[in-house]
Amino acid sequence: MFLEVKNLYKEFGGVVANAGVSFGLEKGEIVGLIGPNGAGKTTLFNCIAGYYKPTSGKVFFKDKDITGWPAHRTARSGIGRTFQIIRMMERLTVEENVMVGAFCRINDRERARRDAQEILELVNLEEQANAHPTELPIATQKRIELARALAIEPELLTLDEIAAGLNPLETIQIIDTLRRIHKEKNLTLLLTEHVMQFIMRISERIIVMAAGRKIAEGSPQEVARKEAVIKAYLGEKYAKGK
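Since we're looking at a predicted model, the values are computed, not measured. Position labels on residues start from 1 in each chain and follow its written sequence. Only residues with pLDDT of at least 70 are given local features in this predicted model, and only at 80 or more are side-chain atom pairs given and counted; all residues enter the totals for whole chains, interfaces and linings. Heavy atoms from the whole structure form the basis of all side-chain values; hydrogens and water molecules are not counted.

A short note on the overall build of the chain
Right, so step 1: Of the regular secondary structure elements, the chain holds ten helices and ten strands.
Right, so step 2: In terms of principal-axis extent, the alpha carbons of the chain reach across some 50 × 40 × 30 Å.
Right, so step 3: Of all 242 residues assigned to the chain, the portion counted as buried reaches 53%.
Right, so step 4: The contacts of the chain with a sequence gap of at least 6 include a subset with a gap of at least 24, amounting to 65%.
Right, so step 5: Accessible surface for the chain amounts to roughly 11300 Å². Of this, 47% is attributable to carbon and sulfur atoms.
Right, so step 6: Charged residues are defined here as Lys and Arg on the positive side and Asp and Glu on the negative side; His and the ends of the chain fall outside this count. Here the site of a charge means atom NZ of a Lys, CZ of an Arg, CG of an Asp or CD of a Glu. Positive and negative charge centroids in the chain, built from 35 and 31 side chains respectively, lie 5 Å apart. A helix here means a DSSP run of H or I that spans at least four residues, while a strand means a run of E at least two residues long, and both kinds are numbered starting from the N terminus. In this scheme, a residue with accessible area under 20% of its type's maximum is buried, one over 50% is exposed, and one in between is partly exposed, where area comes from a 1.4 Å probe on protein chains only. Every residue pair with non-hydrogen atoms within 4.5 Å of one another is taken to be in contact. Note on areas: these come from Shrake-Rupley sampling with a 1.4 Å probe, and a residue is covered only by the protein chains present in the view.

This is the structure in C-alpha cells:
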C-alpha cells in the first residue's frame, strides 16, 4: 500500500476531529475526500502531512511508519501539500515562491531557479514568473501554490480545496492541469473539495467523511447513490441529478 491510514484519531481537548479513520491509496490513484464542513477532512490531511500529530492510530507511507513526523520531514519523504487558505510570500515573485519549495530538497539557488521555471511552464505560469502573487487573480494564486508543492518533487500530492473560489471554466482548467501533472509526474493525488463538479470529474475513487468518521467509500457513481452520503452531504437534489 502506497499510503495507509490505520484507525486514526485526532482530538483537540475534548473535541474529536478524526475518529478511527482508516483507508489506503495505491500508487498512481486519484482519490477524492468529501464531507460537510467540520467533517475532519483538513485535520486528516494535516495528520498525514505532519502539521498535526495524531492522538492515536498510524500513518504509513511507502510501507514506512511516518506517524507524527514533522511537516518538513514528510515533505522530504515525498508528500506535498496545498492549503485551503493560500499562503503566499507576498514580497517574493511567483518564481521565488516556487523556489522556496525546491529549497526543501536542495541548497543550490540556480538549480532551484531552473526547477521552478520548469514547473511554472508545466502549470502554465511562465509568463507570470516575475509578478508578485498579490497582483494576480485567485485562480492564478491557486496554481502558484500548486507549483510550490510540486517543487519539492512529491510522490503523493495532497490538495486541500484547490478549486474553491474558481468559476466553472477555471475549474475545468485546473482539472486538465492536474490530470496532465498526474500523468507526466506519475503522482498519486489525494484531494478534498466542496466543488462537486471538480471532485466527481477528477476522482477515480471517493472517501466520504462526516463528524470525523469515514461513512462511505467507492467510485463517484457508487457514493452518489449511498443513502448515508445523501443524508450527510450531497442532498436528494444532487443524487437525483446523477
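Details of the sheet that holds strand 1 (residues 3-12)
Right, so step 1: Taken together, the four strands give an open sheet; going across it, the order is 2-1-4-5, and neighbouring strands pair in antiparallel fashion. Each edge of the open sheet carries a strand with a single partner, namely strand 2 (15-25) and strand 5 (64-65).
Right, so step 2: DSSP calls a pair of strands paired once it identifies at least 2 bridges connecting them. By the bridge criterion, two bridges tie strand 4 (residues 56-61) to strand 5 in an arrangement that is antiparallel. From the neighbouring strand, Phe 61 faces strand 5, where its bridge partner is Lys 64.
Right, so step 3: Angles run from 0 to 180 degrees between N-to-C directions of axes, and those axes are lines fitted to C-alpha atoms, restricted for helices to the stretch in contact. In this fold helix 1 (residues 41-49) packs onto strand 1, strand 2 and strand 4, with an angle of close to 115° to the strand it touches most, strand 1.

Topic: a nonpolar patch on the surface
Right, so step 1: Like-charged residues within 9 Å of one another, or nonpolar side chains (Val, Leu, Ile, Met, Phe, Trp, Tyr) within 5 Å, are grouped into patches, provided each residue has over 30% relative accessible area and no salt bridge. The salt bridge definition used is simple: a Lys or Arg side-chain nitrogen within 4 Å of an Asp or Glu carboxyl oxygen. A cluster of nonpolar side chains, Phe 12, Val 15, Tyr 51 and Tyr 52, forms an exposed patch at the surface whose accessible area comes to about 360 Å².
Right, so step 2: Counting through the fold element by element, Phe 12 comes out in strand 1.
Right, so step 3: Classification of Phe 12 by relative accessible area gives partly exposed; the value is 37%.

Topic: the packing of helix 3 (residues 94-102) against helix 4 (residues 109-122)
Right, so step 1: With their axes 8 Å apart at the nearest point, helix 3 and helix 4 run at an angle of 115° to one another. In terms of their interaxial angle, helix 3 and helix 4 are classed as roughly perpendicular. Pair helix 3 / helix 4 crosses with right-handed handedness. Side by side, helix 3 and helix 4 meet where Val 94, Glu 95, Glu 96, Val 98, Met 99 and Ala 102 of the first sit next to Arg 109, Ala 112, Arg 113, Ala 116, Gln 117, Ile 119 and Leu 120 of the second. Here roughly perpendicular refers to angles of 65 to 115 degrees, roughly parallel to angles under 35, roughly antiparallel to angles over 145, and oblique to all remaining angles. In a left-handed crossing the near helix is turned counterclockwise from the far helix by less than a right angle, and in a right-handed crossing that turn is clockwise.

Regarding the pattern of salt bridges
Note that side chains of opposite charge can pair when their charged atoms are close.
Right, so step 1: Applying the stated criterion to the full structure yields 13 salt bridges.
Right, so step 2: Where Lys 62 meets Glu 155, a salt bridge forms, and the shortest distance between an N and an O atom there is 2.6 Å. One end of the pair, Lys 62, is in the loop between strand 4 and strand 5; the other, Glu 155, is in the loop between helix 5 (138-150) and strand 7 (156-160), and 93 residues separate them in sequence.
Right, so step 3: As a salt-bridge pair, Asp 115 and Arg 111 come within 4.0 Å of each other at their nearest N and O atoms. In this pair, Asp 115 and Arg 111 both sit in helix 4, four residues apart, roughly one turn of the helix.
Right, so step 4: Salt bridges sharing common partners tie together Glu 29, Arg 205, Lys 214 and Glu 217.

Notes on the pairing of strand 10 (residues 213-218)
Where a strand is regular, its side chains alternate between the two sheet faces.
Right, so step 1: The pairing of strand 9 (residues 205-210) with strand 10 spans five bridges and is antiparallel. Within the sheet, the bridge partner assigned to Met 209 lies in strand 10 and is Lys 214.
Right, so step 2: Counting the residues that bridge the hairpin from strand 9 to strand 10 gives two residues, and of these Ala 211 lies at a positive phi of roughly 50°.

Topic: the packing of aromatic side chains
Right, so step 1: Only rings of Phe, Tyr and Trp enter the pairing, Trp through its six-membered ring, and a pair is recorded when the two centres are within 6.5 Å. The plane angle decides the type: under 30 degrees is stacked, over 60 is edge-to-face, the rest tilted. Using the criterion set out here, one finds three aromatic pairs in the structure.
Right, so step 2: Ring centres of Phe 2 and Phe 61 lie 5.1 Å apart, and the angle between their planes is 70°; this geometry places the pair in the edge-to-face category. Placement of the pair is Phe 2 in the segment before strand 1 and Phe 61 in strand 4, with a sequence separation of 59 residues. This pair shows no difference in class: Phe 2 is buried, exactly as Phe 61 is.
Right, so step 3: Centre to centre, the rings of Phe 12 and Tyr 52 are 5.2 Å apart; their planes meet at 75°, and the pair counts as edge-to-face. Of this pair, Phe 12 sits in strand 1 while Tyr 52 sits in the loop between helix 1 and strand 4; the two residues are 40 residues apart in sequence, bridging distant segments of the chain.
Right, so step 4: A residue is classified by how much of its surface remains accessible, and Tyr 52, at 31% relative accessible area, is partly exposed.
Right, so step 5: Whether a charge sits over a ring depends on NZ of Lys or CZ of Arg being within 6 Å of the ring centre and within 35 degrees of the ring normal. In this structure, Lys 10 is placed above the aromatic ring of Phe 12, and the distance from its NZ or CZ to the ring centre is 5.1 Å.
Right, so step 6: Sitting over the ring of Trp 69, Arg 73 keeps its end group 3.6 Å from the ring centre.

Notes on unusual backbone geometry
Right, so step 1: Unusually for a residue other than glycine, Asn 124 sits at a positive phi of about 60°.
Right, so step 2: One can find Asn 124 in the loop between helix 4 and helix 5.
Right, so step 3: Residue classification places Asn 124 among the partly exposed residues on the basis of a relative accessible area of 48%.
Right, so step 4: Unlike most non-glycine residues, Glu 161 shows phi in positive territory, near 55°.

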